[in-house]
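Here is how the chains run, residue by residue.
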Amino acid sequence: MGYHKVPCSVLFLFLFISVCFSYQCLADGVEANQTGQLLIDASEGSGHPIPDTLFGIFFEEINHAGAGGLWAELVSNRGFEAGGSNIPSNIYPWSIIGDESSLIVSTDRSSCFERNKVALRMEVLCDSEGTHICPSGGVGIYNPGFWGMHSTSFLIQNIEQGKSYKVVFYVRSTAAVNISVSFSGSNGLQTLASANIIASASDVSNWTKMEVLLEAKATNQNSRLQLTTTKEGVIWFDQVSAMPLDTYKGQGFRNDLIEMLADIKPRFIRFPGGCFVEGEWLRNAFRWKESIGPWEERPGHFGDVWMYWTDDGLGYFEFLQLAEDLDALPIWVFNNGISHNDQVDTSTILPFVQEALDGIEFARGDPNSEWGAVRAAMGHPEPFDLRYVAIGNEDCGKKNYRGNYLKFYDAIRRAYPDIKMISNCDGSSHQLDHPADFYDFHVYTSASNLFSMSHQFDRTSRTGPKAFVSEYAVTGKDAGTGSLLAALAEAGFLIGLEKNSDVVQMASYAPLFVNSNDRRWNPDAIVFDSYQVYGTPSYWVQHFFIESSGATLLNATLQTNSSMSLVASAITWQTSKDDQTYIRIKVVNFGSNSVNLKISVSGLDPNSVKLSGTKMTVLTSTNLMDENSFKEPTKVVPTESLLKNADKEMTVQLSPHSFTSIDLLKESVSLRITEADSTSVSSI
């Protein structure tokens with residue numbers, strides 16, 4: 001094939017056409033900013049008050065949220081009582097140090113605790129002298145702590161240099177004992193802290209409580225607790241506990257996890273479940289009476305929904321204490337005689353009803369009452385502020401629910417007429433066929449569905465029971481293990497709840513916590529392991545609503561074209577710290593285009609009030625599926641910037657896929673603001 005020379009003029013023309021064509025294609029692929037307008041009426045009497053209780057938290061014992069998480073106990077199965085379909089033995093996960101020639105470990109029912117009869121029996125065959133010398137370091141048992149029953153990495157919680165840990169256990173022996181109590185690395189080679197307990201035969205001939213304080217000389221996130229000896233004989237152990245001294249307010253809660261909760265200022269805490277309350281079978285349901293009193297006497301139980309054993313150190317009393325410590329109202333969910341697979345007939349439900357009545361008396365009864373006295377003996381003579389109870393969880397439609405519910409409702413109303421009761425049946429689209437103060441609403445769905453549900457309660461009846469949205473989240477492929485996409489949809493949904501807060505009284509995300517070693521559910525608000533913690537984007541959404549509970553919702557009208565995916569609200573509130581009044585505007589841009597949003601605030605007297613900017617807060621990222629992680633815990637978090645030139649009319653640019661909050665300070669002025677001063681532009 002030959003070559004043909006092309007004139008320069010033709011080449012230039014071809015290049016010009018190519019460049020222009022390419023530019024035009026690029027221009028066609030980029031959409032200009034969309035525009036919208038938000039009209040806010042800030043006049044006196046505008047809008048309606050938002051309930052003090054609107055945003056709170058829901059704690060369920062799932063994902064080792066409590067056992068091996070929020071509850072700071074370091075020992076798993078401290079009473080050797082563990083049972084369950086996936087637990088290999090009742091001493092699991094305790095393990096043996098030494099071999100069969102050195103010791104024999106078994107269990108018997110010789111414990112001094114009536115509700116925890118199982119004890120561990122350790123027959124030591126070697127000694128520190130003689131013909132059968134114990135191996136260096138002795139023989140005994142160790143506890144590798146929590147994490148999932150199917151996990152290969154059973155690790156005790158973090159042991160930190162300079163911190164003190166209280167180890168308590170009960171011991172009995174037929175001879176004198178010399179027991180080494182220590183924290184070591186996961187392979188047993190590094191000793192982090194240790195002490196020896198020496199007692200004569202007469203001192204330990206009966207069950208004896210031993211306590212020792214261990215101060216860590218080094219840090220190791222993968223640690224274990226060891227009980228070893230080099231003395232021949234038979235030793236029984238029971239109720240072995242190890243707790244850090246520096247728990248939240250000295251109440252036994254892990255500091256860093258509680259601080260994550262305190263930071264979002266929840267107005268209530270719903271507990272302890274969830275499905276955890278129901279059980280797959282009633283025999284494994286959470287029963288409050290078995291979770292109170294001295295920790296050594298609590299039998300624990302196998303949570304057969306989420307498939308792990310809990311010693312119930314985090315029990316009914318501790319949940320009430322947690323609510324009080326967080327300055328949040330407790331919402332107690334109790335079993336109504338129904339599990340996932342079996343039910344109590346309404347004709348025989350009265351023992352369950354009495355158990356609920358006793359539970360209310362325990363929480364708020366006089367210290368001289370039967371169950372109030374038990375609470376007082378646990379160190380809390382003053383009643384807890386229990387105002388709400390939920391009769392079951394997700395049981396509406398089950399054969400005996402309505403009949404059982406009415407028995408509970410009637411009995412509680414007679415004994416405690418001020419207690420507000422929550423039905424499991426959804427009353428958002430139709431009237432309930434039974435009395436209730438609140439109805440429960442749960443939703444787990446895709447991002448697009450949840451965002452569209454920002455209007456879910458727009459047409460709900462304003463008469464009758466109020467709504468409690470106690471469980472909501474984006475799940476499935478949109479959520480990953482906590483994505484920006486999920487968080488934005490949830491933010492839009494929450495704005496919808498805020499705007500309908502005349503009928504929606506309370507809302508909480510679910511689940512709250514996940515131990516990264518035992519994910520039973522995705523996603524979750526807060527992720528942790530033995531020594532670190534981070535919030536998912538869904539957790540950070542909660543920060544935008546901290547001031548909403550108890551604020552005033554302003555009338556706000558969003559004017560956009562139908563193709564835009566915006567939802568917005570505006571509130572006003574007064575700070576207790578400096579007595580200043582603020583307006584907060586929240587906008588979710590769920591779309592893929594930036595939006596120039598003109599904001600107009602009317603109803604303020606220009607002679608006495610002006611608006612000044614304080615801050616803008618934006619939650620967004622470069623990719624909709626971006627997540628936080630231990631490696632990048634702040635990859636998707638809100639960013640704050642100073643809001644300049646704010647006024648009653650201004651235009652802000654909303655980034656694609658973003659959640660934006662704008663705080664405006666209402667300042668008193670003596671001079672009229674001129675029209676020329678009333679327009680400004682800010683950019684996000």
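The preceding data block contains the structure.
Predicted model only: the values in this text are computed from it and were never measured.

Asker: Help me understand the pattern of salt bridges, please; the structure alone is not making it clear to me.
Answerer: Pairing is possible between side chains that carry opposite charge, provided their charged atoms lie close to one another. Applying the stated criterion to the full structure yields 27 salt bridges. Put simply, Asp418 and Arg364 hold a salt bridge, and the shortest N to O gap is 2.9 Å. Note that Asp418 is positioned in the loop between α7 (401–415) and β19 (420–423) and Arg364 in helix α5 (residues 350–364), a separation of 54 residues in sequence. Note on Asp418: relative accessible area 41%, which makes it partly exposed. In this structure Arg364 comes out as partly exposed when scored by relative accessible area, which is 23%.

Asker: Could you clarify how one ought to interpret the environment of Cys425 in this entry?
Answerer: Along the chain, the position of Cys425 falls in the loop between β19 and β20 (438–445). For the pair Cys425 and Asp395, spaced 30 residues apart in sequence, the C-alpha to C-alpha distance is 7.9 Å. Those residues within four positions of Cys425 in sequence are excluded, and the remaining contacts are Cys396, Tyr401, Leu432, His434, Tyr439 and Asp440.

Asker: Explain the packing of helix α4 (residues 316–325) against α5 here, please?
Answerer: What describes two packed helices is the angle between their axes and the distance between those same axes. The contact between α4 and α5 brings their axes to 11 Å, and the two run at 45°. Considering the angle they form, α4 stands oblique to α5. Along this stretch, α4 crosses α5, giving a crossing that reads as right-handed. Where α4 abuts α5, its residues Tyr316, Phe317 and Leu320 lie against Gly359, Ile360, Phe362 and Ala363. Class assignment of the residues belonging to the contact of α4 with α5 gives a composition of six nonpolar, one polar and no charged.

Asker: What should I look at first to understand the sheet that holds strand β11 (residues 208–215) in this one?
Answerer: If you trace the five strands from one edge of the open sheet to the other, you get β5-β6-β13-β8-β11, paired in antiparallel fashion. A strand with exactly one partner marks an edge of an open sheet, and here the two such strands are β5 (103–108) and β11. Neighbour to neighbour, the strand axes of the sheet diverge by 30° on average, direction disregarded. Relative to strand β13 (residues 233–244), strand β8 (residues 164–173) runs antiparallel, the two sharing eight bridges. Directly across from Val171, in β13, lies its bridge partner Phe237.

Asker: How do you make sense of α4 when you look at a structure like this?
Answerer: For the α-helix, the turn length of 3.6 residues means that residues three or four positions removed from each other point alike. Burial of α4 is extensive: nine of the 10 residues sit out of reach of the surface. Along α4, the positions that sit buried rather than exposed are Tyr316, Phe317, Glu318, Phe319, Leu320, Gln321, Leu322, Ala323 and Asp325. On its buried face, α4 sits against α2 (255–262), β14 (268–271), β17 (329–334), α5 and α6 (370–377).

Calculation rules
- Residues numbered from 1 in each chain as written.
- Predicted model: local features only at pLDDT ≥ 70, side-chain atom pairs only at ≥ 80, totals over all residues.
- Heavy atoms only, no water.
- Salt bridge = Lys/Arg side-chain N within 4 Å of Asp/Glu carboxyl O.
- Helix = DSSP H or I, 4+ residues; strand = E, 2+ residues; numbered from the N terminus.
- Buried < 20%, exposed > 50% of the residue type's maximum accessible area, 1.4 Å probe, protein only.
- Contact = heavy atoms within 4.5 Å.
- Axes fitted to C-alpha atoms, helices over the stretch in contact; angles between N-to-C directions.
- Parallel < 35°, antiparallel > 145°, perpendicular 65-115°, else oblique.
- Left-handed = near helix turned anticlockwise from the far one by under 90°.
- Nonpolar A, V, L, I, M, F, W, Y, C, P; charged D, E, K, R; others polar.
- Pairing = 2+ DSSP bridges.

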